Amino acid sequence: MLALWAAPGAAARAQAVPNPGERVETLVTFGAQSDKQWGDDDFSQTFFFLIPATQRDPVYIRVWDPGTGGTNDDLKGAANTTTSFSLYGGPGTFSGPQARDPRPTNPNPTGRLLKSQTFGSEPQYDRQWFTFGPLNPLEGELVDEFKGHVLKLVARGLSGNDGNLYRYFFSTSPTANVAVEGGNAFTYEYCFRVPATSSKTTVHLYPFVNDKVVSIKQSNYDADNGATLAVFSVAKNGQAGAVSGDGEWTSSTLPIAEKEHGLSLDFRLTSTKGAPNDLVFYVTDQYDTAMPFFAIPLGGPPRYQYDIDVKLHR
């Protein structure tokens, strides 16, 4: 069972995707005709939004800058890209075949399609919010382990070769970013932009470790040999992880200690490049089952616990 718990005072920040504590610049999805060496392996990204069982009022999922072609996007010449954002709910949204697979082979998302909106380079959405909703909390799939209902939003680059940079916010308001108390957002494959070195920012990713995990395999794509990865937790104090080169996948395996169960790890990715970089991350356990990255880490950001050996001298 997952104990969904956010650090005190973090509830409002938990609804932003990416979360400010992650220090991820933006999410990114490229058009279907893009070169995969630009940092997107499949031109699709899926996020899940958890609605606590106690929520009875409508909720909204807001998308910042959903179009491609504005000042926030990665244009490869004249803007020519369309991106669809498709919202799913009901049975199979979370539990369906390949719903949580970071590299699914079925192009059709599971669940019931609630709404889909396609964006091109319309100026009215440049650095503006588009809102899905109102959404009845009961439209999400009931997931007992989360003690709530789950909705799914799939972003897909339909055409073109530009990079669409965007963000989400899970809200109780259609016109403002007002946190859903007790809500959260998570993904099983994270495609995002790492800030340039000049920003002096380290990105934090927070995969959650359940009580069945004995080892993990972290996989990343197209880091361009331009970053370092260190893993922190209550039992790890900066254990190194492998980082990929240009247009390639790389992975490394790390053991998990019992005291790490029920908590999040802290993957700290520090860029060594002078320019922003787009890349993909996912993590699996010893059964090759994907592990979720939560926007706000369950149990709070982990802190290494030093083992102090105290001896009594007589």
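What counts and what doesn't
- Residues numbered from 1 in each chain as written.
- Predicted model: local features only at pLDDT ≥ 70, side-chain atom pairs only at ≥ 80, totals over all residues.
- Heavy atoms only, no water.
- Helix = DSSP H or I, 4+ residues; strand = E, 2+ residues; numbered from the N terminus.
- Rg over C-alpha atoms; globule rule 2.2 N^0.38 Å.
- Contact = heavy atoms within 4.5 Å.
- Areas by Shrake-Rupley, 256 points an atom, 1.4 Å probe, with all protein chains shown as cover.
- Pairing = 2+ DSSP bridges.
- Axes fitted to C-alpha atoms, helices over the stretch in contact; angles between N-to-C directions.
- Phe/Tyr/Trp six-rings, centres within 6.5 Å; stacked < 30°, edge-to-face > 60°.
- Lys NZ or Arg CZ within 6 Å of the ring centre and 35° of its normal.
- Buried < 20%, exposed > 50% of the residue type's maximum accessible area, 1.4 Å probe, protein only.
- Core = buried A, V, L, I, M, F, W, Y, C linked by side-chain atoms within 4.5 Å.
- Salt bridge = Lys/Arg side-chain N within 4 Å of Asp/Glu carboxyl O.
- pLDDT = per-residue confidence, 0-100.

### Quick look at the overall build of the chain
Link 1 in the chain: Each helix and strand in the chain was counted, giving zero helices and 22 strands.
Link 2 in the chain: The C-alpha atoms of the chain give a radius of gyration of 19 Å, which matches the 20 Å a tight globule of 314 residues would have.
Link 3 in the chain: With the principal axes as the frame, the chain shows a C-alpha extent of 80 × 45 × 35 Å.
Link 4 in the chain: In the chain, 81% of the contacts between residues at least 6 apart in sequence involve partners at least 24 apart.
Link 5 in the chain: With an accessible surface of roughly 13600 Å², the chain has 50% of that area assigned to carbon and sulfur atoms.

### Re the sheet that holds strand β13 (residues 202-205)
Link 1 in the chain: Strands sit in the order β13-β20-β16-β17 across an open sheet of four strands; the sheet is antiparallel. Both edges of this open sheet fall to β13 and β17 (237-241), since each of them pairs with a single strand only. Each strand axis lies, on average, 30 degrees off the axis of its neighbour in the sheet, ignoring direction.
Link 2 in the chain: When β13 meets strand β20 (residues 266-271), the two strands line up antiparallel, connected through four bridges.

### Considerations on the packing of aromatic side chains
Link 1 in the chain: The final tally for this structure, using the stated rule, is 29 aromatic pairs.
Link 2 in the chain: In this structure, Arg167 packs its charged tip against the face of Trp64, placed 4.4 Å from the ring centre.
Link 3 in the chain: Of note, Arg268 hangs over the ring of Phe232, and the distance from its end group to the ring centre comes to 3.7 Å.

### Regarding the pairing of strand β21 (residues 277-285)
Link 1 in the chain: The element β21 is extensively covered by neighbouring structure, given that nine of its nine residues are classed as buried.
Link 2 in the chain: Along β21, one buried face is formed by Asn277, Leu279, Phe281, Val283 and Asp285 and the opposite face, lined by Asp278, Val280, Tyr282 and Thr284, is buried too.
Link 3 in the chain: Pairing analysis gives five bridges linking strand β12 (residues 190-194) to β21, with the strands arranged antiparallel. Bridge pairing links Arg193 to Asp278 in β21.
Link 4 in the chain: Where strand β15 (residues 215-221) meets β21, six bridges bridge the pair, whose relative direction is antiparallel. Opposite Gln218, over in β21, you have Val283 as the bridge partner.

### Considering the nonpolar core
Link 1 in the chain: By size, the foremost hydrophobic cluster in this structure holds 48 residues, and its most contacted members are Tyr168 and Phe192.
Link 2 in the chain: Residue contacts for Tyr168: discarding those within four places in its chain leaves Gln15, Ala16, Val17, Leu27, Phe47, Phe49, Arg62, Val63, Phe85, Trp129, Leu153 and Ala155.
Link 3 in the chain: Ranked by size, the runner-up nonpolar core spans twelve residues in total, among them Leu50, Phe146, Phe208 and Ala290.

### Some thoughts on the environment of Val59
Link 1 in the chain: Here Val59 is to be found in strand β4 (residues 59-64).
Link 2 in the chain: Overall, the relative accessible area of 0% leaves Val59 in the buried class.
Link 3 in the chain: Residues Val59 and Ser173, 114 residues apart in the sequence, show an inter-C-alpha distance of 7.0 Å.

### A word on the pattern of salt bridges
Link 1 in the chain: On inspection of all chains with the given rule, the structure shows six salt bridges.
Link 2 in the chain: Between Lys212 and Asp211 there is a salt bridge, with the nearest N and O atoms lying 3.8 Å from each other.
Link 3 in the chain: Between Asp266 and Arg268 there is a salt bridge whose closest N-O contact spans 3.0 Å.

### Overview of the confidence of the model for the chain
Link 1 in the chain: The predicted model of the chain has a mean per-residue pLDDT of 92, with 93% of residues at 70 or higher.
Link 2 in the chain: When the criterion is pLDDT under 50, residues 308-314 qualifies, and its contacts beyond four places in sequence or with other chains add up to zero contacts.

### Some points on the environment of Val243
Link 1 in the chain: Position of Val243 among the secondary structure elements: in the loop between β17 and β18 (249-255).
Link 2 in the chain: Looking at Val243, the relative accessible area reads 18%, which means it is buried.
Link 3 in the chain: For the pair Val243 and Arg268, spaced 25 residues apart in sequence, the C-alpha separation works out to 12 Å.
Link 4 in the chain: Beyond its immediate chain neighbours, meaning those up to four positions away, Val243 contacts Asn220, Ala223, Asn225, Ala227, Thr228, Leu229 and Thr250.

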